[in-house]
Amino acid sequence: MKSLPSVGFGPTHGYLYIHAAPRAVLKNIEWGLAEVLQTPLFIKWDPQPLASGSFRCELSWSGVQGCGSTLVSNLKGWHYLTFELFESPNNGSDGSLYMFTPELGLFRGTVGTHGDLMINENQIQKILNEDLRTVTVLDEIENLLGKRWDEALNPFRHVAMGEEELSARLSV
């Protein structure tokens, strides 16, 4: 009998943005990512101007479907990292968006085939059944969309796009 792979069916790909990581763990991060992706990695680390003493990188990756969650599990063990990972929807399967900051912890959202963050009816029904005030319902929906994580990561994204001055002003 043929055994199934331990993670997913078939190939997928995605992007990983490590927005801030201390110098002391850069090689450990590379080794951990290489182990999950089963290929050697040579990551170019750039200084992170928004977090003194930290470095940033971005890379595209390929692996079996579902290995994005394994990459995230590996990274979130280093609780002082700031990162986001996108796993593309592929072969009839939804993708995933993960965002992590030390202050907020981990966010995971489901990404549809067109790149939209998806909220299912059960998530909305749970909020509606809690008999919350309108403002609280809106806050809960924003949590489902990862708004706080998005706002926390936005200055780092501007740096990655080469807008260091704008990011420095936004982070004050």
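You'll find the structure just up there.
As the structure is a computational prediction, the values presented were derived from the model and not from experiment.

1. With respect to the nonpolar core
A general feature of soluble globular proteins is that nonpolar side chains tend to end up buried together. The biggest cluster of nonpolar side chains holds 26 residues, and the ones touching the most others in it are Leu 16, Ile 18, Ile 29, Leu 33 and Trp 45. Counting residues per element, the ones that place at least two in this core are strand E1 (11–22), helix H1 (26–37), strand E3 (54–64), helix H2 (67–76), strand E4 (82–87) and strand E5 (95–101). If one sorts the elements of this core by residue count, H1 sits on top with six residues. Sequence-distant contacts of Trp 45, that is, excluding residues within four places in its chain, are made with Ile 18, Ala 21, Leu 26, Ile 29, Glu 30, Phe 55, Arg 56 and Cys 57.

2. Re the pattern of salt bridges
One pass over the structure, following the stated rule, counts seven salt bridges. Lys 27 is paired through a salt bridge with Glu 30; the nearest N and O atoms lie 3.4 Å apart. Of this pair, Lys 27 and Glu 30 both sit in helix H1, three residues apart, roughly one helical turn. Residue Lys 27 is classed as partly exposed on the basis of its relative accessible area, which comes to 48%. A relative accessible area of 7% places Glu 30 in the buried class. With its nearest N and O atoms 2.5 Å apart, the salt bridge here joins Arg 157 to Asp 150. On the accessibility criterion, Arg 157 (19% relative accessible area) is buried. A single network of salt bridges, built from pairs that share partners, joins Glu 84, Asp 150 and Arg 157.

3. Things to note about the packing of H1 against H2
At a minimum axis separation of 10 Å, H1 and H2 run at an interaxial angle of 155°. By the angle class used here, H1 and H2 are roughly antiparallel. The chirality of how H1 crosses H2 is right-handed. On H2, the residues that touch Ile 29, Gly 32, Leu 33, Val 36 and Leu 37 of H1 are Cys 67, Thr 70, Leu 71, Asn 74 and Leu 75. Looking at side-chain class alone, the contact of H1 with H2 contains seven nonpolar, three polar and no charged residues.

Cut-offs applied
- Residues numbered from 1 in each chain as written.
- Predicted model: local features only at pLDDT ≥ 70, side-chain atom pairs only at ≥ 80, totals over all residues.
- Heavy atoms only, no water.
- Core = buried A, V, L, I, M, F, W, Y, C linked by side-chain atoms within 4.5 Å.
- Buried < 20%, exposed > 50% of the residue type's maximum accessible area, 1.4 Å probe, protein only.
- Helix = DSSP H or I, 4+ residues; strand = E, 2+ residues; numbered from the N terminus.
- Contact = heavy atoms within 4.5 Å.
- Salt bridge = Lys/Arg side-chain N within 4 Å of Asp/Glu carboxyl O.
- Axes fitted to C-alpha atoms, helices over the stretch in contact; angles between N-to-C directions.
- Parallel < 35°, antiparallel > 145°, perpendicular 65-115°, else oblique.
- Left-handed = near helix turned anticlockwise from the far one by under 90°.
- Nonpolar A, V, L, I, M, F, W, Y, C, P; charged D, E, K, R; others polar.

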